[in-house]
Every structure is written in structure tokens, then in C-alpha cells.
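# Understanding the architecture of this molecule
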Amino acid sequence: MSSTEVPFVPATNVLPKVAAVRVAEGERLRSVGLPGITLTVRSRPPAREGLPAALYVHGLGGSSQNWSALMQELDAVVDGEAVDLPGFGDSPPPDDGDYSISAHARAVIRHLDASGRGPVHLFGNSLGGAVSTRVAAVRPDLVRTLTLVSPALPEIRVQRSAVPTALLAVPGVTALFTRLSRDWTAEQRVRGVMALCYGDPERVTPEGFRHAVEEMERRQQLPYFWDAMTRSARGIVNAYTLGGQHALWRQAERVLAPTLLVYGGRDQLVGYRMARKAARAFRDSRLLTLPDAGHVAMMEYPETVARAFTELLASQGDLEAGVGAGGVNGNDAEGALASEAVSGGDVGSSRAGDGIDDVVESSGAGG
């Protein structure tokens, strides 16, 4: 965050009344108050008691709804929760207006420490992938396995189609874009987002499109919507410039948890070419590449991602009895979509990672 800017943080008690967030059948929402933040957490009852805990972290501009399809696929495997990061979904802005990668990671850590659900199977997409990487690196005690779908890790050559999103980090660009797009309808905005994020937008059902439009209409009524987008985009760009132990690739190398990496061949935001680099960086990794998927494979091909995750658990001897690695919830995964079988990466010896002062929090520690 620029030191010359005053963060826009409206008081929670004066936020406008907007339409309720959609809750799919079988899901429930709850609000969690933590130091400096309030998080909305989406969950669905597991198929049975005693399943291991999972936490899902969405990407830039997304919300916990992005994980609904995968959560349903895996409800016989894990006891899942999806969090709305501060300023996104139904979570209000953070008290300090900090939307950096480290701040989002602190929010996840605070929630896990407060809930006592760790260690969890941690999932992250895009921005949430960078956040989850940092959490896994600095608090290995909280992460059982790590699943990253198109994680926003630094790229030297950014794809041309990703430049407009990165430009949100430049002061003044958001205000200009807001003026230029003030006459756009919610339908037009959603079509633009889907064209950017999906490998094939035609896979979105009419019902799914309608729900996305309703959510876009709701978000546009929030006075902090663009502020959260802008500052989070700036947080990603700033994280890309960090060196030393704070560098995201350096932290990826420190992750001890078994890691599943999912990359889409039609991803316009995270380069498909980064898949191999990521597989080398995460010491205990396996890679799933989906040539027809875009930036949100867990929404486009939830059965495939679920199967790959289940196979990861089976390889670790961590799969509950009665669940087969070849299918989840009775659905066969679309394995033919993968150009490569889920394959083991290099496995290094375990070593403890150093803590990072601005992220690491122990149970009960202050912010």
C-alpha cells in the first residue's frame, strides 16, 4: 500500500444493506470475528463425522462461492470450509485496510488458530494460491496437504492477457476504468470475467451465469469493492518484487506439505509454462495439467480436481476407509482431460523453515 494513500475502510456498522449472499443447497454461512477482521466462512456438513478438515481460499475478485462445486465433490473425503478473504464475498474490509499477501495470510492463520481445525488440507486458487503458499511455508503445523490451482506466483514474462488485471495496481487506473465502464451492465461484466477466467465459457450453465450476475450486482453496491480489488492486486504485484526469505518462490521451496499443483492450458492469467517451474520448486509435489481448463479449474472440472486430490491422499495413506481414489461421490473423474497423469515431483528431505515476522502467528498471538 502506498504510504501517500489513506486506506478506504468504511465502518462495518454503516455499510449499506445489499442483497444476501447466495448459499447453495447444503451449504451454510457463519461470521467469525477475529482481531482486526471479520470473516465469512462457507461450509457444508461432511458426509460423516471424523473426516479431516479442509480450508479453501479464493482468488482476486472471487469468493468462497468459487469452491462450492469442489466442496460438494469432496464432502465424503474432507470436512470443508471456504473463507471469504477480508473485503471479498461477504467479509467486510480489514480494519487497517491492508490487502497485502501477508495480510491475507495472517487472516487465514488467525482463523485456523482460532478454530483449532488445523492441520488442514489447504486449497488456494490464484491470489489464494499465493496466500496459501505463504501460510504453508511459515506455519507448517497448520497444513496437512497443499492444493494450488493456478497459483499467483511471480512470472518474469507476464502473459499479455494478464496485463489489464495487473494494471489495477497502478494508482489512478481503477478510477479511470470505473469511469470508462460505468455504463456496463452486470451481464457484460460477468461475460468479460468468464471470458478471461474460463477455458471455455460455454461450460457455464444458464443457472450458473444468472447466479454470477446476481453476485456481480450485489458486489457493485459495496462501497469498498474496487478498493479491495485494487489493493489486493497491488499486494500481488508488491509480493512479486520481494526478495530474500519473503520471496514467494523461496517460500514455495520451504513448503513441507505434500503439494498438488493444477494448471490450465487455456489460463489467461497464470502462464501454463509455470507448471514445470512450480513442480520443481515445491519439494513434494505432483502436477495435474488440464489443457482445456482456464484459470479456475476447480470450477470448470471439479470432478477431475477432486479425483487428483483424492489420489494425493491415497498416496499419503491419508484416505478414509470406504473412499476410492478413482472416483469421488460416485462420479468418475474426467481423466482424459489431463495431458499428464498426476505424477510425483522431486521429494526432498524434511527441514524446518524459518519464521517470517510479519506473517507468523502462534496460537493466541497478537496481530
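Preceding this paragraph is the structure being described.
Below: a short report on this structure. For every chain, the first residue of the written sequence is number 1, and numbering continues from 1 onward in sequence order. Given that this is a predicted model, residues contribute local features only at a pLDDT of at least 70 and side-chain atom pairs are listed and counted only at 80 or more, while totals for whole chains, interfaces and linings are drawn from all residues. Hydrogens and water molecules were not included; the side-chain quantities draw on all heavy atoms of the structure.

### A closer look at the pairing of strand S2 (residues 37–43)
Rules: Relative accessibility decides the category of a residue: with a 1.4 Å probe and only protein chains considered, values under 20% of the type maximum give buried, values over 50% give exposed, and everything between is partly exposed. Here a strand is any run of E in DSSP of at least two residues, a helix any run of H or I of at least four, and the numbering for each starts at the N terminus. At least two bridges found by DSSP between two strands are what make those strands a pair.
By the criterion of burial, S2 is predominantly enclosed, with six of the seven residues buried. Taken together, strand S1 (residues 28–34) and the strand that follows it, S2, pair antiparallel across an intervening segment of two residues, in which Gly36 is found at a positive phi of about 80°. Relative to strand S4 (residues 79–84), S2 runs antiparallel, the two being bridged by four bridges. From the neighbouring strand, Arg42 faces S4, where its bridge partner is Ala82.

### Focus: the packing of helix H2 (residues 101–115) against helix H3 (residues 127–138)
Which entries qualify depends on this criterion: Lines are fitted to the C-alpha atoms to define the axes, a helix being fitted only along its stretch in contact, and any angle between axes, read from their N-to-C directions, falls within 0 to 180 degrees. Angular relationships are summarised with four words: roughly parallel below 35 degrees, roughly antiparallel beyond 145, roughly perpendicular across 65 to 115, and oblique for the angles in between. Note on convention: the crossing is left-handed when the near helix lies turned anticlockwise from the far helix by less than a right angle, right-handed when the turn is clockwise. The contact rule is simple, with two residues in contact once any of their heavy atoms fall within 4.5 Å. Throughout this entry, Asp, Glu, Lys and Arg are counted as charged residues, while Ala, Val, Leu, Ile, Met, Phe, Trp, Tyr, Cys and Pro are counted as nonpolar. The remaining residues, Gly among them, count as polar.
In the contact formed by H2 and H3, the axes pass within 9 Å of each other and the chain directions differ by 65°. By the angle between their directions, the pair H2 and H3 is classed as roughly perpendicular. Two packed elements cross with a definite hand, and for H2 against H3 that hand is right-handed. For the pair H2 and H3, contact is made by Ile101, Ser102, His104, Ala105, Val108 and Ile109 and by Leu127, Ala130, Val131, Arg134, Val135 and Val138, respectively. Residues belonging to the contact of H2 with H3 are distributed by class as follows: nine nonpolar, two polar and one charged.

### Observations regarding the packing of aromatic side chains
What counts here: Two rings belonging to Phe, Tyr or Trp (six-membered ring only in the last case) form a pair when the distance between their centres is within 6.5 Å. Interplanar angles under 30 degrees mark stacking, angles over 60 mark edge-to-face geometry, and anything in between is tilted.
This model, assessed by the stated rule, comprises five aromatic pairs. Relative to Phe309, the ring of Phe123 lies with its centre 4.8 Å away and its plane at 55°, an arrangement referred to as tilted. In this pair, Phe123 sits in strand S5 (residues 120–125) while Phe309 sits in helix H12 (residues 302–315), placing the two residues 186 residues apart along the sequence. Each member of the pair Phe123 and Phe309 is classed as buried. Ring centres 5.1 Å apart and planes at 65° place the aromatic pair Phe225 and Trp226 in the edge-to-face group. For Phe225, a relative accessible area of 11% gives the class buried.

### Considerations on H12
Because an α-helix packs 3.6 residues into every turn, residues spaced three or four apart end up facing the same way. For clarity, the threshold we go by: Every helix has an expected span of 1.5 Å times one less than the residues it contains.
Spanning 14 residues, H12 covers 20 Å between terminal C-alpha atoms, matching the ideal 20 Å at 1.5 Å per step. Residues Pro302, Thr304, Val305, Ala306, Ala308, Phe309, Thr310, Leu312 and Leu313 constitute the buried set of H12. Positive backbone phi, at 65°, marks Gly317, one or two positions downstream of H12.

### Brief notes about unusual backbone geometry
With an omega of 0°, the peptide bond between Gly118 and Pro119 qualifies as cis. On the secondary structure map, Pro119 appears in the loop between H2 and S5. Despite not being glycine, Ser126 has its phi angle at roughly 55°, a positive value. Within the secondary structure, Ser126 sits in the loop between S5 and H3. The exposure class assigned to Ser126 is buried, which follows from its relative accessible area of 10%.

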